[in-house]
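# A look at the structure
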Number of protein chains: 2
Amino acid sequence: MKATARAHTNIALIKYWGKRNEQIILPTNSSLSLTLDGFYTTTTVEFKEELAKDTFYLNDEPVKGEQYSRVAKFLNLIRRTAGNEQLYAEVRSINEVPTAAGFASSASGFAALAAAGTKAAGVDMSNQELSKLTRQGSGSACRSIFGGFAEWRMGNRADGSDSHAVQVAPQDHWDIRVAAVVLNETMKEVSSREGMKRTVDTSPFYSGWIDSIPNDLKEIKAGISVRDFEKVGQIAEANCLKMHATTLGANPPFTYWLDTTMTVMQTVREMRKSGIPAYFTIDAGPNVKVLYLPQYEEKIQQILSDIEGVTDVRLSKVGQGITYL
Amino acid sequence: MKATARAHTNIALIKYWGKRNEQIILPTNSSLSLTLDGFYTTTTVEFKEELAKDTFYLNDEPVKGEQYSRVAKFLNLIRRTAGNEQLYAEVRSINEVPTAAGFASSASGFAALAAAGTKAAGVDMSNQELSKLTRQGSGSACRSIFGGFAEWRMGNRADGSDSHAVQVAPQDHWDIRVAAVVLNETMKEVSSREGMKRTVDTSPFYSGWIDSIPNDLKEIKAGISVRDFEKVGQIAEANCLKMHATTLGANPPFTYWLDTTMTVMQTVREMRKSGIPAYFTIDAGPNVKVLYLPQYEEKIQQILSDIEGVTDVRLSKVGQGITYL
């Protein structure tokens, strides 16, 4: 009745941007990500007869409010699967995902919770089934079940039974790196959930975004399979720019970019001109992640750290999927 | 055989972004602009029997190369209309449009050239006919024939005979102002001509842009007619963001924005939050133009001038159409 699991966060190279079902979290497009070695969540779930409700500790602090409710709601799914809806759990999570780095800790958080929770409840699931379950806690978390490169196939069934991640390439397929560039300002006036929704509902560019995904996915998978860094980087960078372009067309328009976001993007373009292969990607926030190859690590870290307004540069390798401790 | 005319530049509130015919300059969408009092070109054209070719002086310097060719090619149109294809002209232009302010001097330049050239050639044209002629020298110049607010109706005929500007409201209809924010960096790796073309040819957002124009035009004209500053500002700002969003989807993607461009946009949004009505618009370059009302002029100039990376703030009122001197 007790289990511990670890899951790593992931960074999308082809972005998840829009839901077709908000209740069970079904996306409007397939996406593809890189699981990251450096940032993870370790979660212990213990089901206890004596508990009258779930408890949730994050970094040893009890959690209440909306964050608690999302966890308790997700545990309901596990209880239902296990056939015991009256058994409550103590959940203890340790987050090694610095919020300031702009990674969604919900990805590693819900993947670790799903893995530890199902194991503690005695439910035996394939990773594919686990990915489907995880998806209902946090969409992008379904990709964190797998290490290396993972594709979240959107599926087309209304019940979500074909919407889950699959591994595209394992962790040891390719040693590429990600630098998370942390800015001294933070601003996120529009949550990613709200931003997605407003974009889907109002942006004249949304159908163009959707139409462009199948080719981006096909091309980036071809690039990953032959380890073509330039190809993968170009597609990832262009895909990120398209995602952010859709928000500029929303009503009212919005952007996740700050001036320093723009400076980092310019710096990456200048690095390429000077012969250092590097590409950026940006999620629903101002921070920038830079893809690079191991032999340029020192130079990349130096150049990015020297940008005015950058407070930290955190490096990561390709990570593994969920593990049980 | 000699005439002098003056034309003012204009700033588009609904952007011209894409050509359906590059030869005679027919746009893929209608656009709407504000003619600006502060920035203009004064041009004298004299047809002389003794000239063996056209001569062109800009700010008293002889001009050669592509800029000369565009002027000579445009004079051919006037000669053809006048029925005398062997008569060459001396053209002298004085430009009061600072290139650094990021205004297209081609708008005031070709409008003044068309007005002075036709008058010198003894061709009597309505302003509407003059606008059609001017369009073939530089698209956005066709709006500078008129003062106040002008709409360039794209038309649908293949010969361009219904593609010209009309006045939407005269100069004295509404005293709104424009601050041109000049940045200390300049970068324009992609010309507006090339940028338009690449966007039309490759951006998945281009059809969304085109689809959104009719409503933007209808709404902004409604706003102008009742002098609703907030409505006009909101539509202009959103339209500019949409135009720039289309470039992020192009292949390869590009942007005209620099970090300071982003800072100025953020500052304008913050001004609004603090109760100062102001809206931005940006053409195919990094500089920002800010729309404001006269009573906030001092404050606006102060705030914009204080932004790091801003070297100059040039103010302008609504301007008049072409005048003959």
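Look up: the structure comes first, before these words.
Summarised in this report is the structure supplied together with it. The model shown is predicted, which means the values in this text are computed figures rather than measured ones.

### Digging into the relation of the copies chain B and chain A
Structural alignment of chain B on chain A gives an RMSD of 0.0 Å, achieved by rotating through 180° and translating 0.0 Å along the axis. In the structure described here, the two chain copies are related by an operation that fits a two-fold rotation axis. When the interface residues of chain B are mapped onto chain A, 100% of them again lie at the interface, so the same face is used by both copies.

### Digging into the packing of helix 7 (residues 259–273) of chain A against helix 7 (residues 259–273) of chain B
Where helix 7 of chain A contacts helix 7 of chain B, the axes come no closer than 8 Å and their chain directions differ by 165°. Classified by the angle between their axes, helix 7 of chain A and helix 7 of chain B sit roughly antiparallel to one another. Helix 7 of chain B is crossed by helix 7 of chain A, and the crossing has right-handed handedness. Where helix 7 of chain A abuts helix 7 of chain B, its residues Asp-259, Met-262, Thr-263 and Gln-266 of chain A lie against Asp-259, Met-262, Thr-263 and Gln-266 of chain B. Taken together, the residues of the contact of helix 7 of chain A with helix 7 of chain B sort by class into 2 nonpolar, 4 polar and 2 charged.

### Focus: the sheet that holds strand 11 (residues 278–281) of chain B
Residues and elements named next belong to chain B. Strand order in the open sheet formed by 4 strands is 11-12-10-13, and the pairing between neighbours is antiparallel. Looking at the sheet topology across the chains shown, the edges are occupied by strand 11 and strand 13 (310–316). On average, each strand axis in the sheet is inclined to that of its neighbour by 25°, with strand direction left out of account. As judged from the 5 bridges shared by strand 10 (residues 177–183) and strand 12 (residues 288–292), these two strands associate in the antiparallel manner. Paired with Arg-177 across the strands is Tyr-292, a residue of strand 12. Sitting on the sheet, helix 7 is in contact with strand 10, strand 11, strand 12 and strand 13, with an inclination near 155° to strand 11. Across the sheet, helix 8 (residues 297–305) is in contact with strand 10, strand 11, strand 12 and strand 13; its angle to strand 13 comes to roughly 160°.

### With respect to the interface of chain B and chain A
Listed by partner, the interface residues are 23 residues for chain B and 23 residues for chain A. In total, about 2000 Å² of surface goes out of reach between chain B and chain A, with carbon and sulfur atoms giving 70% of it. Applying the counting rule to chain B against chain A returns 0 salt bridges. The interface formed by chain B and chain A contains 4 residue pairs in polar contact (both at pLDDT 80 or more). Only helix 5 (206–225), helix 6 (229–248) and helix 7 of chain B provide two or more residues apiece to the side of chain B that touches chain A. Residues of the side of chain B that touches chain A, tallied by class, amount to 11 nonpolar, 7 polar and 5 charged.

### Some details on the sheet that holds strand 10 (residues 177–183) of chain A
All names here are of chain A. The 4 strands are arranged 11-12-10-13 in an open sheet whose pairing can be described as antiparallel. Single-partner strands in this sheet number two, and they are strand 11 (278–281) and strand 13 (310–316). Sheet twist, expressed as the mean angle between neighbouring strand axes with direction ignored, is 25°. On top of the sheet, helix 7 reaches strand 10, strand 11, strand 12 (288–292) and strand 13; it is set at about 155° to strand 11, its chief contact. Across the sheet, helix 8 (residues 297–305) is in contact with strand 10, strand 11, strand 12 and strand 13; its angle to strand 13 comes to roughly 160°.

### Remarks on the pairing of strand 7 (residues 88–95) of chain B
Residues and elements named next belong to chain B. As judged from the 8 bridges shared by strand 4 (residues 31–48) and strand 7, these two strands associate in the antiparallel manner. The partner of Thr-44 across the bridge, within strand 7, is Arg-92. Here strand 5 (residues 55–58) runs beside strand 7; their pairing, made up of 4 bridges, is parallel. Among the inter-strand pairings, Thr-55 is bridged to a residue of strand 7, identified as Glu-90.

### A closer look at the side chain of Ser-138 of chain B
All names here are of chain B. Relative to the helices and strands, Ser-138 is located in the loop between helix 3 (127–135) and strand 8 (149–153). Only 3.3 Å separates the side chain of Ser-138 from the side chain of Ser-106, close enough to count as a polar contact. Not counting chain neighbours up to four residues away, the residues in contact with Ser-138 comprise Ile-25, Arg-70, Ser-106, Ala-107 and Phe-110.

### With respect to the nonpolar core
Ranked by internal contacts, the top residues of the largest apolar core, which has 203 residues, are Leu-304 of chain A together with Leu-304 of chain B. The residues contacting Leu-304 of chain A, other than those within four sequence positions of it, are Ala-179, Val-181, Val-264, Met-271, Val-290, Val-310 and Val-313 of chain A.

### Some remarks on the environment of Pro-277 of chain A
Residues and elements named next belong to chain A. In this fold, Pro-277 is placed in the loop between helix 7 and strand 11. By relative accessible area, which is 21% here, Pro-277 ends up partly exposed. In sequence terms Pro-277 and Asp-60 are 217 residues apart; their C-alpha atoms lie 41 Å from each other. Beyond its immediate chain neighbours, meaning those up to four positions away, Pro-277 contacts Phe-229, Leu-291, Tyr-292, Leu-293 and Tyr-296.

### Considering the side chain of Thr-42 of chain B
All names here are of chain B. Here Thr-42 shows up in strand 4. On the accessibility criterion, Thr-42 (14% relative accessible area) is buried. Of note is the side chain of Thr-42, whose polar atom sits 3.0 Å from the side chain of Arg-6. In contact with Thr-42, other than residues within four places in its own chain, are Thr-4, Ala-5, Arg-6, Arg-92, Ser-93, Ile-94 and Leu-325.

### Points about the packing of aromatic side chains
Here the structure, examined in full by the defined rule, presents 15 aromatic pairs over all chains. Centroid distance Trp-174 of chain A to Phe-229 of chain A: 6.4 Å. Interplanar angle 80°. Geometry classified as edge-to-face. Pair noted here: Trp-174 of chain A is in the loop between strand 9 (164–169) and strand 10 and Phe-229 of chain A is in helix 6 (residues 229–248), with a separation of 55 residues, a long-range link. Both residues of the pair, Trp-174 of chain A and Phe-229 of chain A, belong to the buried class. Centroid distance Trp-17 of chain B to Tyr-256 of chain B: 6.3 Å. Interplanar angle 80°. Geometry classified as edge-to-face. Placement of Trp-17 of chain B in the loop between strand 1 (2–14) and strand 2 (19–21) and of Tyr-256 of chain B in the loop between helix 6 and helix 7 is noted, with a sequence separation of 239 residues between them. The pair formed by Trp-17 of chain B and Tyr-256 of chain B is uniform in burial state, with each residue classed as buried. Within the aromatic cluster, the residues linked to one another by ring pairs are Phe-149, Trp-174, Phe-229 and Tyr-279 of chain A. Above the plane of the ring of Tyr-57 of chain A lies Arg-92 of chain A, whose end atom (NZ or CZ) is 4.1 Å from the centre.

Calculation notes
Residues numbered from 1 in each chain as written. Chains lettered and ligands numbered in written order. Predicted model: local features only at pLDDT ≥ 70, side-chain atom pairs only at ≥ 80, totals over all residues. Heavy atoms only, no water. Least-squares fit on C-alpha atoms with pLDDT ≥ 70 in both. Contact = heavy atoms within 4.5 Å. Axes fitted to C-alpha atoms, helices over the stretch in contact; angles between N-to-C directions. Helix = DSSP H or I, 4+ residues; strand = E, 2+ residues; numbered from the N terminus. Parallel < 35°, antiparallel > 145°, perpendicular 65-115°, else oblique. Left-handed = near helix turned anticlockwise from the far one by under 90°. Nonpolar A, V, L, I, M, F, W, Y, C, P; charged D, E, K, R; others polar. Pairing = 2+ DSSP bridges. Buried area = accessible area lost by both parts, 1.4 Å probe. Salt bridge = Lys/Arg side-chain N within 4 Å of Asp/Glu carboxyl O. Polar contact = N/O pair within 3.5 Å; in protein donor to acceptor, adjacent residues only side chain to side chain. Core = buried A, V, L, I, M, F, W, Y, C linked by side-chain atoms within 4.5 Å. Buried < 20%, exposed > 50% of the residue type's maximum accessible area, 1.4 Å probe, protein only. Phe/Tyr/Trp six-rings, centres within 6.5 Å; stacked < 30°, edge-to-face > 60°. Lys NZ or Arg CZ within 6 Å of the ring centre and 35° of its normal.

Functional significance is not addressed by these values, which are geometric in nature.
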